Amino acid sequence: MGGPKLYHKDMLINYLGIYGSNVNEDVPLQINGFAIKKVDWNFKIVGPDGKIVDTFDVKHQAEIHMNWKPKKDLPDGTYSIYTEASDADGFKVEAEPTKFTVKQKK
């Protein structure tokens, strides 16, 4: 008999730090992550209206340190970044989305 399945981000992702406010071309969003093993990372940036404005992947890495910069024409506002990690066996987990603000230079 099958019971409820519990998939928690800690099953693959040990640490995920996403930092940034008033993000723009000079002040990028900082992304740092550690997984328990090499995983494929998938990131999705979602706008205030719920539409995806950008996606990017990092393949087969246990540790990531990177920045994300919005395109110059991306409007100011509050955005969310969604993070998913998947291993070679196809097991996937999603971290809680993180909100951040974009404030373009004038």
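It should be noted that the structure appears before, not after, this text.
Since we're looking at a predicted model, the values are computed, not measured.

**Student:** How would you summarise the nonpolar core if you had to cite specific residues and measurements?
**Tutor:** Among the nonpolar cores identified, the biggest contains 24 residues, and Ile31, Trp41, Phe43, Trp68, Ile81 and Phe100 are the most heavily contacted of them. Secondary-structure elements contributing two or more residues to this core are strand S1 (13-19), strand S2 (29-46), strand S3 (52-68), strand S4 (77-86) and strand S6 (98-102). For this core, the element with the most residues is S2, which contributes 7 residues. Those residues in contact with phenylalanine 43 that sit more than four places away from it in its chain are Ile31, Asp54, Thr55, Phe56, Asp57, Val58, Ile64, Met66, Ile81, Tyr82 and Thr83.

**Student:** Help me get a handle on the environment of asparagine 67, residues and values and all.
**Tutor:** Within the secondary structure layout, asparagine 67 lies in strand S3. Classification of asparagine 67 as partly exposed rests on a relative accessible area of 49%. As a C-alpha pair, asparagine 67 and isoleucine 81 span 14 residues in sequence and 12 Å in three-dimensional space.

**Student:** Could you give an account of the side chain of asparagine 24, with specific residues and numbers?
**Tutor:** Relative to the helices and strands, asparagine 24 is located in the loop between S1 and S2. Here lysine 103 takes part through its backbone oxygen, which lies 3.0 Å from a polar atom of the side chain of asparagine 24.

**Student:** Which residues make up the pattern of salt bridges, and what values do they have?
**Tutor:** If you walk through the whole model with that rule in mind, you get 6 salt bridges. For lysine 37, the salt bridge goes to aspartate 87, with nearest N and O atoms at 3.0 Å. In this pair, lysine 37 sits in strand S2 while aspartate 87 sits in the loop between S4 and strand S5 (92-94), placing the two residues 50 residues apart along the sequence. Since its relative accessible area comes to 36%, lysine 37 is described here as partly exposed. Overall, the relative accessible area of 10% leaves aspartate 87 in the buried class. Salt bridges sharing partners connect three or more residues here, namely Glu25, Asp26, Lys72 and Lys105.

**Student:** Go over the packing of aromatic side chains, please, and point to the residues and values.
**Tutor:** Enumeration according to the criterion identifies 5 aromatic pairs in this entry. Residues phenylalanine 43 and phenylalanine 56 carry aromatic rings whose centres are separated by 4.9 Å and whose planes lie at 15° to one another, so their mutual orientation is stacked. A residue pair is termed long-range when its members are at least 10 positions apart, and phenylalanine 43 in strand S2 and phenylalanine 56 in strand S3 qualify at 13 residues. Overall, the relative accessible area of 0% leaves phenylalanine 43 in the buried class. Residue phenylalanine 56 is classed as buried on the basis of its relative accessible area, which comes to 14%. By way of ring pairs, the aromatic residues Trp41, Phe43 and Phe56 are connected into one cluster. The ring of tyrosine 82 carries the charged tip of lysine 44 above its face, separated from the ring centre by 5.5 Å.

What counts as what
Position labels on residues start from 1 in each chain and follow its written sequence. It should be noted that, the model being predicted, local features are given only for residues of pLDDT at least 70 and side-chain atom pairs only at 80 or more, the latter also being counted only at that level, while totals for whole chains, interfaces and linings use all residues. To obtain the side-chain values, all non-hydrogen atoms of the structure were used and water was disregarded. Nonpolar cores were defined as sets of buried Ala, Val, Leu, Ile, Met, Phe, Trp, Tyr and Cys residues, with membership established by side-chain atoms within 4.5 Å. Burial classes follow relative accessibility: with a 1.4 Å probe on protein chains only, a residue under 20% of its type's maximum area counts as buried, one over 50% as exposed, and anything between as partly exposed. What counts as a helix is a DSSP run of H or I of at least four residues, what counts as a strand is a run of E of at least two, and both are numbered from the N terminus. Between two residues, a contact is recorded if the distance between any of their heavy atoms is within 4.5 Å. Polar contact is defined as a pair of N or O atoms within 3.5 Å, subject to the rule that within protein one atom must be able to donate a hydrogen and the other to accept it, and that residues adjacent in sequence are counted only when both atoms are side-chain atoms. Here, a salt bridge means any side-chain nitrogen of Lys or Arg that lies within 4 Å of a carboxyl oxygen of Asp or Glu. A pair of aromatic rings is counted whenever rings of Phe, Tyr or Trp (Trp by its six-membered ring) have centres within 6.5 Å, and the orientation is called stacked for planes under 30 degrees apart, edge-to-face for over 60 and tilted otherwise. The rule for a charge over a ring is simple: NZ of Lys or CZ of Arg within 6 Å of the ring centre, and within 35 degrees of the ring normal.

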